[in-house]
Amino acid sequence: MFWDFDYFVELFLAGLTRGSIYALIALGYTMVYGIIQLINFAHGEIYMIGAFTALIVTGVLTLMGWNSVAILFIAAAVALIYSAAYGYTLEKIAYKPLRKAPRLSALISAIGMSLFLQNYVLLAQTSDFLPFPALIPDFKWLEPWEHIVRSSQVVIFSTTAIVMVLLTFLIKFTRTGKAMRAVSQDKEMAMLVGIDVNRVISVTFIVGSTTAAIGGVLIASHIGQINFYIGFIAGIKAFVAAVLGGIGSIPGAVLGSLVLGWTESFFTGYISSDYEDVFAFLFLVFILIFRPSGILGRSESEKV
Amino acid sequence: MINLAEIKKSFLISLWFVFLTFPIMVIRVNTIYDRVEWRWENMLFVGVGSFFFSFIWRYLLRRKELGSKNSQAEETQDRMTLNQRIMGDRRIYLPLLAAILVFAAAYPFVFSMYQTNIMINALIYIMLGLGINIVVGLAGLLDLGYVAFYAVGAYTYALLNYHFGLGFWLALPMGAAMGALFGILLGYPVLRLRGDYLAIVTLGFGEIIRLVLENWNQFSFGPSGIANIPRPSLPGIKMNLEQSTIFIYFLMIVLVIFTIFVVNRLKDSRIGRAWIALREDEVACQAMGIDRTKTKLTAFALGATWAGMAGVLFAAKTTFINPASFTIWESINILCIVVLGGMGSIVGVIFGALVLILLPEYLRAFSEYRMLLFGFILVTMMVFRPGGIISEVRRTYKFKGLNE
């Protein structure tokens with residue numbers, strides 16, 4: 001039968017899963033771009049390092065005979081801490097000295113950092129795909145729908161939703177969030193009213209890296225394997241999503257990610273899976289040509 | 001200069017890096033066999049390495065800050081770099097040029113075939129570097145999909161030869177033309193984007209070309225590529241492998257000299273100055289009546305032309321091509337050449353290509369660290385010396401007698 005409702009729902013949920021992960025990564029892109037107008041090319045690598053750290057912790061703890069739910073929480077916590085630390089250090093080394101330099105320099109530095117981190121993991125670990133143990137337990141109450149939705153997907157949707165709510169709260173209602181918004185509007189003015197701009201930028205990198213790491217751990221245990229290269233393509237796609245939604249806008253990043261996730265999922269499900277990545281890139285080209293400010297972004301004109 | 005506070009600072013930094021690299025450097029988990037490998041010795045390397053490296057880092061940062069202050073203070077004083085002094089004096093640079101030419105001419109006869117092959121490779125990269133230099137160095141447009149035009153050139157030759165038996169000499173201009181055509185096709189819609197968006201779109205375009213070549217089996221024979229591409233030849237002369245390698249070598253030398261000549265002339269032409277003006281300030285440039293789209297488009301098309309030509313040569317040299325040679329990392333490789341050598345500077349690009357292509361060949365032991373090194377170079381060059389090793393000589397006009 002051509003029109004299969006179960007198949008449609010399956011694709012819809014797969015798209016939602018993808019979209020959620022893209023959203024977790026895209027948030028970091030959008031926040032960093034909002035504050036220092038830099039495409040943090042190495043952001044995908046932070047996501048990959050998060051997944052790898054989780055894998056390593058899991059491996060060690062499994063051998064010590066811990067139970068899987070405890071491992072999940074400890075591995076996720078360690079991965080978050082390390083990703084945040086990497087994000088923080090990355091900014092200090094590669095971007096901070098270039099804050100007053102032309103944007104091209106910072107972008108090249110970011111590409112260099114991405115290349116460096118990828119090869120660092122490749123050399124220190126392995127180039128092979130490593131199986132990632134399924135840490136998320138199967139839920140009993142999900143059994144009737146098991147053929148359509150997996151419990152790891154449910155965990156992904158709900159975690160993403162919680163992260164979104166927390167992040168919105170952080171930005172809208174806390175002092176740090178207020179400082180972030182101020183810095184993104186006008187860095188010098190923010191400095192004049194007594195905001196420690198360097199600290200705000202560091203916090204932004206830490207928050208962005210943490211959400212990326214959450215995405216890394218979740219997708220790794222959902223798909224079940226990782227290697228050093230997963231960060232690059234995921235990073236690019238999350239960037240596409242962030243641009244689609246309007247870079248710099250947080251609800252935009254989420255919306256863009258979901259749209260990209262669904263279109264990719266339906267495209268591969270109904271048309272062809274060979275050109276999946278081509279499709280994402282074409283999507284990007286078309287958005288940038290026809291609506292560079294994205295769905296929710298404001299268009300701004302260049303001023304002298 | 002090295003006092004207790006500095007040592008303490010470096011010590012803390014090294015502790016931080018030991019912590020940071022702990023899981024990835026020390027532990028290696030094999031999830032298939034459930035085995036864990038602990039490599040404690042790496043911890044020591046990281047600690048000691050980052051301890052000393054942090055000194056160097058801070059020293060370089062301080063020197064850079066000092067340098068920028070000095071140059072602000074002594075704007076009027078003309079400080080000649082080594083490069084400027086050599087290029088400015090005919091008595092030095094003419095003999096130097098002659099020596100380089102003699103060396104280049106003697107190279108394939110003095111060294112082995114293997115060495116000549118490596119040199120041909122380096123020469124192809126010089127050509128690519130000079131081509132991307134037009135786009136990135138002169139016009140200031142970051143192109144991360146440059147390798148796509150290289151692929152277009154290579155596939156133009158391979159496919160025309162496969163289907164129509166077209167020879168190398170006809171394919172060379174056609175590859176260049178196809179490169180330019182694709183440059184215009186891509187450039188036209190995307191060039192109104194700002195710098196960093198442009199970088200991502202060109203990256204996307206590069207990947208699209210590669211993925212299409214990989215998946216469209218009827219057209220490009222997919223991942224298995226095209227083999228048995230003929231080497232270049234002269235009519236009526238049969239060449240064995242060694243002779244044809246030497247022939248390609250000299251062909252490359254001639255083409256590189258041609259490229260240097262053209263790029264050098266372009267740089268000082270009306271359009272070249274428009275590129276540089278556009279790089280410095282787009283808005284001011286438009287206000288002076290320079291057509292932004294047209295100027296950018298010519299830069300893109302001309303850059304792509306060289307890539308197309310280099311692609312034909314690459315196909316002719318290796319006699320086999322497949323999409324795996326044209327990944328995004330190749331683009332970044334070429335970008336790295338320009339960044340290391342000096343954006344906009346011809347001598348710099350040649351230097352960068354020779355260092356980055358020849359060095360990994362001779363330091364085989366380090367070849368797996370090559371990409372790591374490239375990443376490191378990109379970051380450190382941008383932080384400490386954004387102009388590159390041999391930076392471009394800026395054209396300056398001085399009014400004599402103004403300060404006297």
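Residues numbered from 1 in each chain as written. Chains lettered and ligands numbered in written order. Predicted model: local features only at pLDDT ≥ 70, side-chain atom pairs only at ≥ 80, totals over all residues.

Let us look at the overall build of chain A. A count of helices and strands for chain A gives eleven helices and two strands. Its helices and strands taken in sequence order, chain A reads α-α-α-α-β-α-α-α-α-β-α-α-α from the N to the C terminus. Seen through its C-alpha atoms, chain A measures out along the principal axes to roughly 60 × 50 × 40 Å. Of all intrachain contacts in chain A linking residues separated by at least 6 positions in sequence, the fraction that spans at least 24 positions is 78%. (Helix = DSSP H or I, 4+ residues; strand = E, 2+ residues; numbered from the N terminus. Contact = placed C-beta atoms within 7 Å.)

With that out of the way, let us pick up the overall build of chain B. Summing up its helical and strand segments, chain B has 16 helices and two strands in all. In terms of overall size, chain B behaves like a compact globule, its C-alpha atoms giving a radius of gyration of 24 Å where 404 residues would be expected to give roughly 22 Å. Here the C-alpha coordinates of chain B stretch approximately 80 × 75 × 50 Å along the principal axes. For chain B, the residues scored as buried account for 38% of the 404 residues in total. Once local pairs closer than 6 in sequence are excluded, the contacts in chain B between residues at least 24 apart make up 78%. (Rg over C-alpha atoms; globule rule 2.2 N^0.38 Å. Buried ≥ 20, exposed ≤ 12 C-beta atoms within 10 Å, placed from the backbone.)

Quick look at helix H5 (residues 151-173) of chain A now. All names here are of chain A. Between its first and last C-alpha, H5 extends 33 Å over 23 residues, near the 33 Å set by a 1.5 Å rise per residue. Those residues of H5 that sit buried are Ser152, Ile156, Thr160 and Leu167. Where H5 is buried, its residues touch helix H1 (5-36), helix H8 (197-223) and helix H10 (250-270). (Expected span 1.5 Å × (residues − 1).)

Attention now goes to the domain arrangement of chain B. Annotation of chain B at the domain level lists domain 1 (4-71) and domain 2 (85-384). Computed from C-alpha coordinates alone, the two centres of domain 1 of chain B and domain 2 of chain B are separated by 36 Å. (Domains from an automatic or database assignment.)

Moving on: the nonpolar core. The biggest cluster of nonpolar side chains holds 203 residues, and the ones touching the most others in it are Leu284 of chain A together with Leu378 of chain B. With 15 residues, the top contributor of residues to this core is helix H5 (residues 113-138) of chain B. Counting residues domain by domain, this core receives three or more from each of domain 1 (4-71) and domain 2 (85-384) of chain B. What Leu378 of chain B contacts, discounting residues up to four positions off in sequence, is Ile108, Ser109, Ile111, Gly112 and Leu115 of chain A together with Cys336 and Val339 of chain B. (Core = buried A, V, L, I, M, F, W, Y, C linked by C-beta atoms within 7 Å.)

Moving on, we get to the interface of chain A and chain B. Every contact between the two is made by 51 residues of chain A and, on the other side, 44 residues of chain B. Among the secondary structure elements, those contributing two or more residues to the side of chain A that touches chain B are helix H2 (43-63), helix H3 (68-95), helix H4 (103-124), strand E1 (130-131) and helix H11 (276-290) of chain A. For the side of chain A that touches chain B, the leading source of residues is H4 of chain A, giving 16 residues. When grouped by side-chain class, the residues that make up the side of chain A that touches chain B number 38 nonpolar, nine polar and four charged. (Nonpolar A, V, L, I, M, F, W, Y, C, P; charged D, E, K, R; others polar.)

Structurally, Leu60 of chain B can be placed in helix H2 (residues 40-73). Separated by 122 residues in sequence, Leu60 of chain B and Phe182 of chain B have C-alpha atoms that sit 42 Å apart.

Below, the discussion takes up the environment of Met191 of chain A. All names here are of chain A. As for its position among the elements, Met191 is in helix H7 (residues 187-192). When the 14 C-beta atoms within 10 Å are taken as the criterion, Met191 is described as partly exposed. The sequence separation of Met191 and Ala110 amounts to 81 residues, and the corresponding C-alpha distance is 25 Å.

Right, let's talk about the packing of H4 of chain A against helix H16 (residues 370-384) of chain B for a bit. For the pair H4 of chain A and H16 of chain B, the least separation of the axes is 7 Å and the interaxial angle reads 150 degrees. Here H16 of chain B runs roughly antiparallel to H4 of chain A, going by the angle between their axes. Judged by the twist between their axes, the crossing of H4 of chain A over H16 of chain B is left-handed. Residues Ser105, Ile108, Ser109, Ile111, Gly112, Met113, Leu115, Phe116, Asn119, Tyr120 and Leu123 of chain A of H4 of chain A pack against Met371, Leu372, Phe374, Gly375, Phe376, Leu378, Val379, Met382 and Val383 of chain B of H16 of chain B. For the contact of H4 of chain A with H16 of chain B, a count of residues per class yields 15 nonpolar, five polar and no charged. (Axes fitted to C-alpha atoms, helices over the stretch in contact; angles between N-to-C directions. Parallel < 35°, antiparallel > 145°, perpendicular 65-115°, else oblique. Left-handed = near helix turned anticlockwise from the far one by under 90°.)

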